[in-house]
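# Architecture and fold: a report
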Amino acid sequence: MYFKTFVSVAAVVAATSLPFAAHAQETHTLSPQFPDAFKTRTTTVSDVQITLPTGQSGSETKSSHGTMAWTTDTHKTADGYHGTIAIESINMTMPTLPVTVTTTPGSTTTTSSTTTSSSPTTPATADTTTTTTTTNSTTTTGPSVTLSTSAAAPVAGQASSQTPGMSPADIQQKITGMLKLIGNPELSYDAQMRPQRIDNLDALKANVKTMIMMASNAQNADKMSAILDLFLNDITPESAASFLRQSPRTRLPFGKPLALHTAVPLDGATFSLYGATLTMDGTATLDSWEDGKVAHLTMTSSAREADVHQFADTLVDAIIQKALVAINTSAPQSAPQPGGPAPVSAVAGEIDQIRPMIHKVIDNMTLRITQTCKVDVDLNDNALTQSDCATDVYGRIDPSKLMTDAQLKANPDAAAKLQAIVVSEKIHSVTTTTLVN
């Protein structure tokens, strides 16, 4: 009797548990769905808050607002897709705008130097003849214009004015125009629309270099060209595209079984610059699924702090090396020492000496990068998405960690007053991609 009762209860429990178990294991899979040819328009609206330390052991937060719009014309290829991006507009609002324009008129300066010398009239007498020579040199300087985002008081001899022609709207228009002059990036994507390379990067870099050279002093054109090459040549089509693979749209969890409210690890997204690499890990959680319509996900992204330190160390070292080469290219050299190393400029020597301190600062900092996004994906065309993202960048350093024990003990009162330095940036951005009819 007891055995029959046990079997009956077990059967009832098993029968009632089956639907629950089946429902708990139900998954959805996001498969790539893209037309063979389509044109999209993407807009991003961003609000940024940057908190910086002040000289009074406090902090100050500044905010900015910006919008950017661009179109992408995409076509299917043999192994993926090819897209051409065209910037439409860029708008920025910052507390320090409008921009102050400080102008210095051209001038001509004449400098006179007088030399007086005496010589005896004859070797046998004490009488002398005095000769005075005056040399004139003329220096002509042309007019110059300096753009400044601060409303500082004008310098004596200079005229400062809020120029109507340089209003914030005009500045935004100029920035948009400059980006258009650089050209339209052409990208190669894989079958899941993840950027693989910027195909016309060499042309884009050449346009950037031309624009900078046009604004530089013609007398220093050769040196400026060499310095620009130092920083541009090592950026490859693949490394440039790696930064574009960080957006939630390009990290959608295609092919992964997604159970409701269950976090699934994302493939790591690695970006690189000058030999420094950083991989962003992350998760995707399916919040809801509307068949044939839209999938709602929460996507996170972050980097391990040890990896951030390594990335910053390697990148700073690469930039310092390039800066040293640039300075040695453009600055006068110090006198060589017999049997010593090749001469370097005084500035380059100072930078090289503070290199260990820079690395010590980085190694003792707390560095965090995190992002959380709510993402809506059109199940009929995965190119059509909307994301609402919150990104936090946080850096903190304790000054006492940069000092030796002897330094701390030498002045304990001052050491006790040391306070942590915190720099943070919070970005809220909404990005919407729609189909262009």
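Residues numbered from 1 in each chain as written. Predicted model: local features only at pLDDT ≥ 70, side-chain atom pairs only at ≥ 80, totals over all residues. Heavy atoms only, no water.

## Section: the confidence of the model for the protein
Caution applies to low-pLDDT parts of the model: their predicted coordinates are not meant to be read in detail. Heads up, the condition is: pLDDT is a per-residue confidence score from the predictor, ranging from 0 to 100. In what follows, residue pairs with any heavy atoms lying within 4.5 Å of each other are defined as contacts.
Chain-level statistics for the protein give a pLDDT mean of 76 and a share of 67% at 70 or above. Confidence over residues 9-23 falls short of pLDDT 50; this stretch has 0 contacts with residues more than four positions distant or in other chains. Note that pLDDT drops below 50 for residues 97-164; the model gives that stretch 92 contacts with residues more than four away or on any other chain.

## Let's talk about the nonpolar core
Here is the rule: Here, the term nonpolar core denotes a set of buried Ala, Val, Leu, Ile, Met, Phe, Trp, Tyr and Cys residues that are joined through side-chain atoms within 4.5 Å. Buried, partly exposed and exposed residues are distinguished by accessible area as a fraction of the type maximum, computed with a 1.4 Å probe on protein chains only: under 20%, between the cut-offs, and over 50%, respectively. The secondary structure listing takes helices from DSSP runs of H or I that are at least 4 residues long and strands from runs of E that are at least 2 residues long, numbered from the N terminus.
One finds Phe34, Ile198, Leu252, Leu297 and Met299 to be the most contacted residues of the largest nonpolar core, which totals 30 residues. The set of elements that each furnish at least two residues to this core consists of strand E4 (81-93), strand E10 (186-189), helix H3 (201-215), helix H5 (237-242), strand E15 (276-290), strand E16 (294-302) and strand E17 (365-378). Excluding its chain neighbours within four sequence positions, the residues that come into contact with isoleucine 198 are Glu186, Leu187, Leu204, Pro237, Ala240, Ala241 and Leu244. Core analysis: the second largest hydrophobic core is formed by 11 residues, Phe271, Tyr274, Ala276 and Ala303 among them.

## Some words on the pattern of salt bridges
Stated precisely, the cut-off is as follows: The rule for a salt bridge is simple: a side-chain nitrogen of Lys or Arg has to be within 4 Å of a carboxyl oxygen of Asp or Glu.
This structure, assessed with the given rule, holds 10 salt bridges. Notably, a salt bridge pairs lysine 322 with aspartate 234, separated by 2.6 Å at the nearest N-O pair. Of the two residues, lysine 322 sits in helix H6 (residues 305-330) while aspartate 234 sits in the loop between helix H4 (221-232) and H5, which places them 88 residues apart along the sequence. A salt bridge links lysine 374 to aspartate 287; its shortest N-O distance comes to 3.6 Å. Of this pair, lysine 374 sits in strand E17 while aspartate 287 sits in strand E15, and the two are 87 residues apart along the sequence. The class for lysine 374 is partly exposed, based on a relative accessible area of 49%.

## So, the pairing of strand E19 (residues 421-435)
For clarity, the cut-off: Two strands pair under a simple rule: DSSP has to find at least two bridges between them.
Bridge analysis of strand E2 (residues 37-53) against E19 gives 12 bridges, and the strand direction is antiparallel. Across the sheet, the residue bridging to glutamine 49 is lysine 426, located in E19.

## A look at the environment of asparagine 200
By the secondary structure assignment, asparagine 200 is in the loop between strand E11 (195-198) and H3. On a C-alpha basis, the gap between asparagine 200 and leucine 187 in space is 7.9 Å, while along the polypeptide they are 13 residues apart. Dropping the residues within four chain positions of it, asparagine 200 is found in contact with Asn184, Pro185 and Glu186.

## Some remarks on the packing of aromatic side chains
Rules: Between the rings of Phe, Tyr and Trp (Trp by its six-membered ring), a pair exists once the centres lie within 6.5 Å; its type follows the angle of the planes, with under 30 degrees stacked, over 60 edge-to-face, and the other angles tilted. Counting as a charge over the ring demands two things of the Lys NZ or Arg CZ atom: a distance within 6 Å of the ring centre and an angle within 35 degrees of the ring normal.
Per the stated rule, a full pass over the model turns up 4 aromatic pairs. For the ring pair phenylalanine 34 and tyrosine 81, a centre distance of 5.8 Å and an interplane angle of 70° mean the geometry is edge-to-face. Here tyrosine 81 lies in strand E4 and phenylalanine 34 lies in the loop between strand E1 (27-29) and E2, a separation of 47 residues in the sequence. Take phenylalanine 34: its relative accessible area is 14%, and that puts it in the buried class. Classification of tyrosine 81 as buried rests on a relative accessible area of 5%. Measuring from centroid to centroid gives 5.5 Å for phenylalanine 271 and phenylalanine 311, while their planes differ by 80°, and the two rings are edge-to-face. Remark: phenylalanine 311 occurs in helix H6 and phenylalanine 271 occurs in strand E14 (residues 269-273); sequence separation between them is 40 residues. The same class applies to phenylalanine 271 and to phenylalanine 311, which are both buried. One aromatic cluster in this structure is built from Phe34, Tyr81 and Phe254. Positioned over the ring face of tyrosine 274 is lysine 322, at 4.8 Å from the centre of the ring.

## Details of the state of the cysteines
Using the following cut-off: Any two cysteine sulfur atoms lying within 2.5 Å of each other are counted as a disulfide.
For the structure on display, the rule yields 1 disulfide. Across the disulfide from cysteine 373 sits cysteine 389; the S-S distance is 2.1 Å. When the S-S torsion is 115°, as for the bridge of cysteine 373 with cysteine 389, the disulfide is right-handed. On the criterion of sequence distance, the pair formed by cysteine 373 in strand E17 and cysteine 389 in strand E18 (residues 385-397) is long-range, its members being 16 residues apart. You'll find cysteine 373 and cysteine 389 in the same group, each marked buried.

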